[in-house]
Amino acid sequence: MIDAHFHCWQLARADYGWLTPELAPIYRDVSVADWQQQAQTWGVSGGVLVQAAPTAQETQFLLQQAQDNPAVLGVVGWIDMLAPDAVQQVARCAEQPLLKGLRPMLQDLGDPDWILQPAIQPVLSAMARSALVFDALITPVHLPRILALTQAHPDLTVVVDHGAKPVIDAAAMDPWREAMTQLARQTDPAKVVCKLSGLWTEAPAGQAVDVVRPWCEALLDIWGSERLLWGSDWPVLELAGAYAAWQALSQDVLLKLEPAQRMAVLGENARRIYRL
């Protein structure tokens, strides 16, 4: 099994603008070894380490963690896509064998059309040429924008993080499902996929993990076993509950699949998409 989405950080690095003392359960230093302690219990042998700060220093920090820890199979980093030398930065990123993708923190940017601005299009084209994955950290408002992005860059591999972070409320489910279904149906199955991760922390505080079961089942129905990548989003997950609880629910949702399909979601899809 592969955990397609986890984090580590050191608070002293001080570039995590979102990570404040108010987030007490996760406001601490987190190492790769801490993640392994959670993951190995469930037979997870490796993972994809994903950026949590919008700085070049974060990318270098994560690459160092990957070089020091064989369980880190790949890194999703960050570059300033509006920098004058952004295309050259992509080329340098592609020279790093452990750097598998890049992730602008779109959810934190005020303009939902930010990723579609003309200045960024050569950067996305360079990512496609370099076989770097675009991780889309988005909310439902971005889904039509990501569809437009995939149409403009059909050779770019796109991973939708956390099911596009839906509002966990039955009243909001239908519009999210429709937008996700449109994205899945109108894109190349080999190029555009989605992570089964990060849902529980979108639910109201204090809810048991089963509250997100309908959204997990919807993602499986929409994307199918060949286009879904399981991830923990640990330690952010701890704002909602335990790694074990999320793993148990995920395994239960996937029980209806054939064993090979389950293993696709739980590892082989991540291996293929991120070239691990």
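Use the structure listed above.
Residues numbered from 1 in each chain as written. Predicted model: local features only at pLDDT ≥ 70, side-chain atom pairs only at ≥ 80, totals over all residues. Heavy atoms only, no water.

Enquirer: Pulling in residues and values, what's your account of the packing of aromatic side chains?
Expert: Here the structure, examined in full by the defined rule, presents four aromatic pairs. Relative to Trp-18, the ring of Trp-9 has its centre 5.5 Å away and its plane inclined at 80 degrees; by these criteria the two rings are edge-to-face. In textbook terms, an aromatic cluster arises when at least three aromatic residues are bridged by ring pairs, as seen for Trp-9, Tyr-16 and Trp-18. (Phe/Tyr/Trp six-rings, centres within 6.5 Å; stacked < 30°, edge-to-face > 60°.)

Enquirer: Explain the pattern of salt bridges to me, and be specific about the residues and the numbers.
Expert: Tallied over the entire structure, the rule returns 13 salt bridges. Its salt-bridge partner being Arg-103, residue Asp-161 comes within 3.0 Å of it at the nearest N-O pair. With Asp-161 in the loop between β6 (158-160) and α6 (170-185) and Arg-103 in the loop between β4 (99-102) and α4 (121-129), this pair connects stretches of sequence that are 58 residues apart. What makes Asp-161 buried here is its relative accessible area of 0%. Here Arg-103 falls in the buried class, since its relative accessible area comes to 4%. (Salt bridge = Lys/Arg side-chain N within 4 Å of Asp/Glu carboxyl O. Helix = DSSP H or I, 4+ residues; strand = E, 2+ residues; numbered from the N terminus. Buried < 20%, exposed > 50% of the residue type's maximum accessible area, 1.4 Å probe, protein only.)

Enquirer: I'd like a rundown of the sheet that holds strand β2 (residues 46-50), residues and numbers included.
Expert: Taking strand neighbours across the sheet as the criterion, the eight strands line up as β1-β2-β3-β4-β5-β6-β7-β8 in an open arrangement whose pairing is parallel. Of all the strands in the sheet, just β1 (2-6) and β8 (228-230) have a single pairing partner and so form its edges. Strand-to-strand, the axes of this sheet are offset by a mean angle of 30 degrees, without reference to chain direction. Pairing analysis gives three bridges linking β1 to β2, with the strands arranged parallel. By the bridge assignment, Asp-3 is partnered in β2 with Gly-47. (Pairing = 2+ DSSP bridges. Axes fitted to C-alpha atoms, helices over the stretch in contact; angles between N-to-C directions.)

Enquirer: If you had to explain the packing of helix α7 (residues 213-223) against helix α8 (residues 243-253) to someone new, which residues and values would you point to?
Expert: Where α7 contacts α8, the axes come no closer than 10 Å and their chain directions differ by 45 degrees. As far as their axial angle goes, α8 and α7 are oblique. Regarding α7 and α8, the two cross each other, and that crossing is right-handed. The residues of α8 that touch α7, namely those facing Arg-213, Cys-216, Glu-217 and Leu-220, are Trp-246, Leu-249, Asp-252 and Val-253. (Parallel < 35°, antiparallel > 145°, perpendicular 65-115°, else oblique. Left-handed = near helix turned anticlockwise from the far one by under 90°. Contact = heavy atoms within 4.5 Å.)

Enquirer: Before we move on, can you summarise the nonpolar core with the specific residues and values?
Expert: Grouped together as the largest cluster of nonpolar side chains are 84 residues, with contacts concentrated most on Phe-134, Met-180, Trp-223 and Trp-246. With residues up to four places along the chain from it excluded, the contact list for Trp-246 reads Leu-196, Ser-197, Leu-199, Trp-200, Val-209, Val-212, Cys-216, Trp-230, Gly-231, Ser-232 and Leu-237. The next biggest cluster of nonpolar side chains, apart from the first, holds twelve residues, and it includes Ile-2, Val-76, Val-193 and Ala-270. (Core = buried A, V, L, I, M, F, W, Y, C linked by side-chain atoms within 4.5 Å.)

Enquirer: Before we move on, could you go through the pairing of β2 and cite the residues and values that matter?
Expert: Consecutive residues of a regular strand have side chains that alternate between opposite faces of the sheet. Counting buried positions over the five residues of β2 gives five, a clear majority of the element. Alternating positions in β2 separate into two faces, Gly-46, Val-48 and Val-50 on one and Gly-47 and Leu-49 on the other, with burial throughout. Following the chain from β1 across helix α1 (residues 32-39) to the adjacent parallel β2, one finds a crossover that is right-handed. As paired strands, β2 and strand β3 (residues 72-77) are joined by four bridges and run parallel to one another. In the strand pairing of β3, Gly-47 is matched with Val-72. With helix α2 (residues 56-68) bridging β2 and its parallel neighbour β3, the resulting β-α-β unit is right-handed. (Right-handed = clockwise from strand over helix to strand, strands pointing away.)

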